[in-house]
Amino acid sequence: RIHWDKRYLRTMLGFGGWMTVTNLVGPMLMYLDRFAIGSVLGMAAVAYYVTPYELVTKLLVIPGALVGVLFPMFTSSLITDRSKAVQLFWSGVRWVFIGLFPAVLILCVFAEEGLSMWLSPAFAQNSAQVLQWLAVGVLINSLAFVPFGFIQAAGRPDLTAKLHLLELVPYLGLLWLGMEQFGLQGVAIVWTARVAFDAAAMFYIASTL
């Protein structure tokens with residue numbers, strides 16, 4: 001017989017609701033920069049930022065795939081063997097770093113040369129430093145995938161959602177300030193600073209669960 005239990009319904013709606021908040025606010029944090037550039041610096045400047053951004057963020061496929069595998073392992077080990085969950089956590093962080101660091105290092109060292117060969121020297125002059133800052137940010141953001149998955153597996157999506165809501169307004173203000181002071185490079189610096197703060201907060205939250 002079908003039986004409705006309000007306790008489980010409330011838990012399901014709460015879990016799904018906070019995950020929905022994360023899925024709405026997360027993309028806003030990822031794409032606010034290009035809208036801000038278009039509105040303040042003009043649409044011509046967007047290409048100089050979006051091109052290196054789209055290039056370097058393709059690396060996020062690697063931590064996304066790894067955490068997709070780790071997530072069910074986190075879920076089961078958090079219940080049966082917490083020490084194993086911690087071991088999996090740090091193994092995931094280590095392998096994400098090993099997998100991405102060489103590519104990020106190459107992008108940082110050869111940013112200007114690569115963009116010159118691929119597009120043009122003029123384009124590289126405007127985008128090389130943007131690419132370097134974004135590459136560093138992507139490496140940091142990739143490491144944050146592991147504690148993000150760990151927190152979700154622990155059944156606390158509310159913590160990540162609240163963190164992203166907390167970041168939204170200050171990030172928008174810092175984007176404007178970065179553009180005013182340093183142009184496109186300022187936007188990249190602010191984006192990297194935000195993901196660094198986000199990663200540090202994720203690691204801290206994961207350590208408390």
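Note that the structure is predicted; figures quoted are calculated from it, not measured.

Rules behind the numbers
- Numbers given to residues run from 1 along each chain, matching the order in which its sequence is written.
- Owing to the predicted nature of the model, reporting of local features is limited to residues with pLDDT of at least 70; listing and counting of side-chain atom pairs is limited to 80 or more, with chain, interface and lining totals taken over all residues.
- Side-chain numbers come from the whole structure's heavy atoms, not from hydrogens or water.
- Starting at the N terminus, helices and strands are each numbered in turn, a helix being any DSSP run of H or I of at least four residues and a strand any DSSP run of E of at least two.
- Only protein chains enter the accessibility calculation, which uses a 1.4 Å probe; a residue is then buried when its area is under 20% of its type maximum, exposed when over 50%, and partly exposed in between.
- Residues count as neighbours in contact if any of their non-hydrogen atoms are within 4.5 Å of one another.
- Values of accessible area rely on a 1.4 Å probe in the Shrake-Rupley scheme; residue burial ignores everything except the protein chains shown.
- Angles shown run from 0 to 180 degrees and are taken between the N-to-C directions of axes, each axis being a line fitted to C-alpha atoms and, for helices, limited to the stretch in contact.
- When describing relative orientation, an angle under 35 degrees is termed roughly parallel and one over 145 degrees roughly antiparallel, while 65 to 115 degrees is termed roughly perpendicular and anything else oblique.
- In this classification, Asp, Glu, Lys and Arg are treated as charged, Ala, Val, Leu, Ile, Met, Phe, Trp, Tyr, Cys and Pro as nonpolar, and every other residue, Gly included, as polar.
- A score from 0 to 100, pLDDT tells how confident the predictor is in each residue.
- Contacts described as polar in this section are N or O atom pairs within 3.5 Å, which, within protein, must combine one atom able to donate a hydrogen with one able to accept it, while residues neighboring in sequence count only if both atoms come from side chains.
- To pair, rings of Phe, Tyr and Trp, with the six-membered ring standing in for Trp, must have centres within 6.5 Å; the planes then decide the type, stacked if under 30 degrees apart, edge-to-face if over 60, and tilted in the middle.
- Should the NZ of a Lys or the CZ of an Arg lie within 6 Å of a ring centre and within 35 degrees of the ring normal, that charge is described as sitting over the ring.
- The definition of a nonpolar core used throughout is a set of buried Ala, Val, Leu, Ile, Met, Phe, Trp, Tyr and Cys residues joined through side-chain atoms within 4.5 Å.

### Brief notes about the overall build of the chain
Tallying secondary structure elements over the chain gives 7 helices and 0 strands in all. In terms of its C-alpha atoms, the chain occupies a principal-axis envelope of roughly 70 × 35 × 30 Å. Counting over 209 residues, the chain shows a buried share of 42%. A sequence separation of at least 24 residues applies to 81% of the contacts in the chain between residues at least 6 apart. Looking at the chain as shown, the accessible area adds up to about 11,600 Å², and 71% of this sits on carbon and sulfur atoms.

### Focus on the packing of helix 1 (residues 6-40) against helix 2 (residues 43-57)
Relative to each other, helix 1 and helix 2 sit at 155°, their axes nearing to 8 Å. Classified by the angle between their axes, helix 1 and helix 2 sit roughly antiparallel to one another. Contacts between helix 1 and helix 2 pair Met30, Asp33, Arg34, Ile37 and Gly38 from the former with Met43, Ala45, Val46, Tyr49, Val50, Tyr53 and Glu54 from the latter. Of the residues contributing to the contact of helix 1 with helix 2, the split by class is 8 nonpolar, 1 polar and 3 charged.

### With respect to the packing of helix 1 against helix 7 (residues 157-208)
It is the contact of helix 1 with helix 7, at a shortest axis distance of 9 Å, that shows an interaxial angle of 10°. What the angle tells us is that helix 1 and helix 7 run roughly parallel. Taken together, the residues of the contact of helix 1 with helix 7 sort by class into 23 nonpolar, 3 polar and 6 charged.

### Comments concerning the confidence of the model for the chain
Summary statistics for the chain give a mean pLDDT of 87 and a share of 100% for residues scoring 70 or more. Model confidence for the chain, summarised as mean pLDDT per element, is weakest for helix 1 at 77 and strongest for helix 4 (residues 82-109) at 92.

### Here's the deal with the side chain of serine 142
Structurally, the position occupied by serine 142 is in helix 6 (residues 121-153). Side-chain polar atoms of serine 142 contact the backbone oxygen of valine 138, separated by 2.7 Å.

### Describing the side chain of histidine 164
Here histidine 164 is to be found in helix 7. By relative accessible area, histidine 164 is classed as buried at 8%. A distance of 3.4 Å separates the side chain of histidine 164 from the side chain of aspartate 198, its partner in a polar contact. Every residue in contact with histidine 164, bar those within four places of it in the chain, is listed here: Thr22, Val25, Leu29, Phe148, Asp198 and Met202.

### Side note on the packing of aromatic side chains
The description of two aromatic rings rests on the distance between their centres and on the angle between their planes. Applying the stated criterion across every chain, the model contains 9 aromatic pairs. A centroid spacing of 5.0 Å and a plane angle of 80° characterise the contact between phenylalanine 89 and tryptophan 90, whose relative ring orientation is edge-to-face. On the basis of relative accessibility, which here comes to 48%, the residue tryptophan 90 falls in the partly exposed class. Cluster of aromatic residues (ring-pair linked, three or more members): Phe74, Phe89, Trp90, Phe150 and Phe203. The ring of tyrosine 171 has arginine 194 lying over it, and the distance from NZ or CZ to the ring centre is 5.2 Å.

### Some thoughts on the nonpolar core
Taken as a class, soluble globular proteins show a tendency for nonpolar side chains to be buried jointly. By size, the foremost hydrophobic cluster in this structure holds 36 residues, and its most contacted members are Ile37, Tyr49, Leu134 and Trp191. Contributions of two or more residues to this core are made by helix 1, helix 2, helix 4, helix 5 (111-118), helix 6 and helix 7. Of all the elements, helix 7 adds the most residues to this core, at 10 residues. The next biggest cluster of nonpolar side chains, apart from the first, holds 19 residues, and it includes Leu88, Phe89, Phe150 and Ala206.

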